[in-house]
Amino acid sequence: ALVRAAGKSASKLVSLLSAHLPAFRDAAIAPDGRQVFFYKRAQIAAGDIWGAFGGKGLGEFGDIHLITSYPDYRVPQSLLAEGVLEYSTELADKVKRGVEIAAGSEEELAIRAATVVAVEAIRDAAAEALGEGAPPVLATHVDWRLWQWGEARRESDELPPFHRTRTVFY
């Protein structure tokens, strides 16, 4: 019902999911008092529906390009492994030692926000490299590839440790 109510809009579906399902209301208050919204679960739901239906039928979203990365733990870990992200010495040490990074903390918000920014930069670079006329490169595509890349290496020494955060949002 929510997918149909979204009227072929991924962003409307994200709004509906976050309004009706508390575990999809992925928001926090930044240290400067601003509210920060990631909506990881709601966005991944929209992206997965779009992907499962090949962008047609229930998965036809005219604004799928508005969906950002789904910042959790695996994508920043993959970005770290590839040298796209770099943590401060203090944060890197905490992550390496397995110290919990509190949900909604400045450190956790920075990791997740940097992930979104990095995925957008990769998306932009890929779109530019492919040139005009190429199919659009979506943050969803980049996120899926980074997540799959990290999952394929999770038991290897290729990946640095991921940050540990207890949260219902990812």
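My aim in this report is to walk through the structure given alongside it, one point at a time.

1. Considerations on the pattern of salt bridges
Okay, step 1: Using the criterion set out here, one finds 14 salt bridges in the structure.
Okay, step 2: For the salt bridge of R112 with D26, the shortest nitrogen-to-oxygen distance reads 2.6 Å. With R112 in helix α6 (residues 106–130) and D26 in the loop between α2 (10–20) and β1 (27–29), this residue pair connects regions lying 86 residues apart in the sequence.
Okay, step 3: For the salt bridge of R166 with E100, the shortest nitrogen-to-oxygen distance reads 3.0 Å. Here R166, found in the segment after α7 (139–152), pairs with E100, found in the loop between α5 (89–97) and α6; they are 66 residues apart in sequence, far enough to count as distant.
Okay, step 4: Connected via shared salt-bridge partners are D26, E108 and R112.

2. Let's talk about unusual backbone geometry
Okay, step 1: Of note, K8 is a non-glycine position whose phi angle comes to about 65°, a positive value.
Okay, step 2: Counting through the fold element by element, K8 comes out in the loop between α1 (2–5) and α2.
Okay, step 3: With a phi close to 50°, Y39 is a non-glycine residue in the positive phi region.
Okay, step 4: Using a relative accessible area of 22% as the deciding quantity, one classes Y39 as partly exposed.

3. A word on the packing of aromatic side chains
Okay, step 1: Per the counting criterion, the structure on display carries three aromatic pairs.
Okay, step 2: Pairing Y73 with F162 gives two aromatic rings, centres 4.8 Å apart and planes at 55°, and the pair type is tilted. Linking Y73 in the loop between α3 (40–52) and α4 (74–81) with F162 in the segment after α7, this pair joins segments that are 89 residues apart in sequence.
Okay, step 3: For F162, a relative accessible area of 22% gives the class partly exposed.

4. Describing the packing of α4 against α7
Okay, step 1: At a minimum axis separation of 8 Å, α4 and α7 run at an interaxial angle of 80°. Taken together, α4 and α7 sit at an angle that is classed as roughly perpendicular. On α7, the residues that touch R74, V75, S78, L79 and A81 of α4 are D143, L146, W147, W149, G150 and E151.
Okay, step 2: Looking at the contact of α4 with α7 residue by residue, the classes come out as six nonpolar, two polar and three charged.

Conventions adopted
Residues numbered from 1 in each chain as written. Predicted model: local features only at pLDDT ≥ 70, side-chain atom pairs only at ≥ 80, totals over all residues. Heavy atoms only, no water. Salt bridge = Lys/Arg side-chain N within 4 Å of Asp/Glu carboxyl O. Helix = DSSP H or I, 4+ residues; strand = E, 2+ residues; numbered from the N terminus. Buried < 20%, exposed > 50% of the residue type's maximum accessible area, 1.4 Å probe, protein only. Phe/Tyr/Trp six-rings, centres within 6.5 Å; stacked < 30°, edge-to-face > 60°. Axes fitted to C-alpha atoms, helices over the stretch in contact; angles between N-to-C directions. Parallel < 35°, antiparallel > 145°, perpendicular 65-115°, else oblique. Contact = heavy atoms within 4.5 Å. Nonpolar A, V, L, I, M, F, W, Y, C, P; charged D, E, K, R; others polar.

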